[in-house]
Amino acid sequence: MKLGILGGGQLGRMLALAGYPLGLTTTVLEPSAGCSAAAVCSHIHGELEDYQALYELAKVSEIVTFEFENVPVQSAQWLAERVPVFPPPRALEVSQERLAEKEFFSSLGIPTPPFAAVETATDFRTALREIGLPSVLKTRRFGYDGKGQAVIRTPQDAEVAWQRLGGRPLILEGFVPFDRELSLIAVRSRDGQIACYPLIENTHIDGILHRSIAPAGDTGEELTERAMDFAARILTELDYVGVLCIEFFQEGPRLLANEMAPRVHNSGHWTIEGAFTSQFENHLRAVCGWPLGRTDTIGCSVMYNFIGDLPDPSVVLAHREAHLHLYGKSARPGRKVGHVTLQVGDRDELVARLPEWDRSFQRLPL
Ligand code: AMP
């Protein structure tokens, strides 16, 4: 099977690697020369809105998917008229715009933080009155890894946030004093089968994922089932095919959806070693129209991102439980250059080892 991927970052690289033993031939379309995926598959060097480049990708692909949620919807739609594209371009449309996304969750009965649309200074004042403080002002588009957002705790913060972000479509959200952040990775096959990995517990630093623990502790059956039910509603409504990640805030017994990513996700990298079938393989199985693989875990895993600086492999691998993944990227502040997954037999062992690993792989705030 010949697979085309829009985007050639590390997610594209890990998809291509997972496709190799399945006999897939992968081509990525990506503007940056020497991108992470290009080392392991074919690379068409072009912009994602360059129709000549899109045409070239369609010519060498039997199926097209994407590894980046800011793929222009029109490019995905144009390709979908020529070759099957999964997940459906509508999933891109919903997840690219924070207001549309929160309205979509609400329309499916999925709880979210309180939110209000903001375009003008008057909307902003009304929204602040309605939502109250603390709150978070976010750009509706192109926000990721905590970019394009400002936490507002005081009226002065509101002024500063408006100076910085005002003038484009925004959303104001209530600041959730969450107990923890969780994510759920789900996959739906072309014939509508759904499988979910267990809930994952995530820690962010400066809005960027630092650590994921899987399975998350103390979730209980009810919380897990609720998250899976929310995922099933989204996947079914979108007639989705492939892997989808939903990020939640847990506040006491409440589970609030923050956002979704219509692609394989950083909080699922542990599945490469820590689950029967990795998220990458399951995404490929789904988009190729093949049966899904088991999503249960093998022991317990913790993943740490390497951000900004390349680690010394001999130091990382001195941890005998470590699986190191480097993405072939050069170091740059804030850039994800690799990750490590540490895997142990059970939760007690994970809890016992966590302080040591947290120290070894700590990341200082920017
Ligand atoms: P996002 O880009 O929406 O995923 O936000 C990045 C990170 O900022 C999240 O993972 C949270 O840690 C934090 N954050 C975003 N929105 C909120 C909110 N409404 N309340 C509290 N924390 C938030």
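Residues numbered from 1 in each chain as written. Predicted model: local features only at pLDDT ≥ 70, side-chain atom pairs only at ≥ 80, totals over all residues. Heavy atoms only, no water.

### Focus: the layout of surface pockets
If a probe the size of a water molecule is rolled over the atoms, the empty space left behind becomes visible. The condition is simple: Cavity means a closed set of points on a 1 Å grid over the protein atoms alone, one where a 1.4 Å probe fits but cannot get out, pocket means an open set with protein on both sides within 12 Å along at least 5 of 7 lines, and lining means a residue has an atom within 4 Å of a point. Grid points are joined across faces, edges and corners, and a volume is the space filled by probe spheres set on the points. Numbered from the N terminus, helices here are DSSP runs of H or I no shorter than four residues, and strands are runs of E no shorter than two.
Each pocket or cavity is described by its volume, and for the second largest pocket that value is around 240 Å³. Around the second largest pocket, the lining is made up of 14 residues, and of these F306, P311, S360, F361 and Q362 lie nearest the centre. Residue assignment for the lining of the second largest pocket shows that the elements contributing at least two residues are β15 (300-307) and α11 (313-316). Looking at which element gives the most residues to the lining of the second largest pocket, the answer is β15, with 3 residues.

### Focus on the pattern of salt bridges
Two side chains of opposite charge can pair, provided their charged atoms sit close to one another. To keep it simple, the criterion reads: When a carboxyl oxygen of Asp or Glu lies within 4 Å of a side-chain nitrogen of Lys or Arg, that pair is called a salt bridge. Type-normalised accessible area, obtained with a 1.4 Å probe on protein chains alone, sets the label of each residue: buried when under 20%, exposed when over 50%, and partly exposed for intermediate values.
Per the counting criterion, the structure on display carries 18 salt bridges. When the shortest N-O distance is used, the salt bridge between E81 and R82 registers 3.7 Å. Judged by relative accessible area, which is 64%, E81 ranks as exposed. Two residues, R140 and E119, come together in a salt bridge whose shortest N-O distance is 3.2 Å. Linking R140 in the loop between β6 (135-139) and β7 (149-152) with E119 in the loop between β5 (115-118) and α6 (121-131), this pair joins segments that are 21 residues apart in sequence. Note on R140: relative accessible area 8%, which makes it buried.

### A look at helix α8 (residues 220-237)
Along an α-helix, residues three or four positions apart point the same way, because every turn accommodates 3.6 residues. To keep it simple, the criterion reads: By this rule, a helix spans an expected 1.5 Å times one less than how many residues it contains. This arc corresponds to the set of directions leading from the helix axis out to the C-beta atoms. Throughout, a contact is declared for two residues whenever any of their heavy atoms are within 4.5 Å.
Between the first and last C-alpha of α8 there are 26 Å, a value that for 18 residues agrees with the 26 Å anticipated at 1.5 Å per step. Along α8, the positions that sit buried rather than exposed are L223, T224, A227, F230, A231, I234 and L235. Buried residues of α8, seen end-on, are gathered within an arc of 130° and therefore sit on one face of the element. Lining the buried residues of α8 we find α5 (98-107), β9 (180-188), β10 (194-196), β13 (242-251) and β14 (254-261). Following α8 by one or two positions, D239 has its phi on the positive side, about 50°.

### Looking at the environment of L128
Here L128 is to be found in helix α6. It is 46 Å that separates the C-alpha atoms of L128 and R285, two residues lying 157 residues apart in sequence.

### Considering the nonpolar core
As a reminder of what qualifies: Residues belong to one nonpolar core when they are buried, are Ala, Val, Leu, Ile, Met, Phe, Trp, Tyr or Cys, and are joined through side-chain atoms within 4.5 Å. As used throughout, domain bounds are those supplied by an automatic or database domain assignment.
By size, the foremost hydrophobic cluster in this structure holds 35 residues, and its most contacted members are L3, W270, F280 and V287. Mapped by element, the contributors of at least two residues to this core are β1 (2-6), α1 (10-19), β9, β12 (208-214), β13 and α10 (279-287). It is α1 that contributes the most residues to this core, 5 residues altogether. When we break this core down by domain, the ones giving at least three residues each are domain 1 (2-85) and domain 3 (180-360). Residues within four places of W270 in sequence aside, it is in contact with Y197, P198, I200, A214, A275, T297, S301, M303 and T341. F105, L244, F248 and L255 belong to the second largest nonpolar core, which has 26 residues in total.

### A short note on the pairing of β15
Short version of the rule: At least two bridges found by DSSP between two strands are what make those strands a pair.
Most of β15 sits out of view: 8 of its 8 residues are buried. In β15, alternate side chains face the same way, and those of C300, V302, Y304 and F306 on one face and S301, M303, N305 and I307 on the other are all buried. In the sheet, β12 pairs with β15 via 4 bridges, with the strands oriented antiparallel. Residue pairing across strands places S212 opposite M303, the latter belonging to β15. Of the strand pairs in this sheet, β15 and strand β17 (residues 336-344) are connected by 8 bridges, and their pairing is antiparallel. The residue of β17 that forms the bridge with M303 is T341.

Keep in mind these numbers describe shape, not what the thing actually does.
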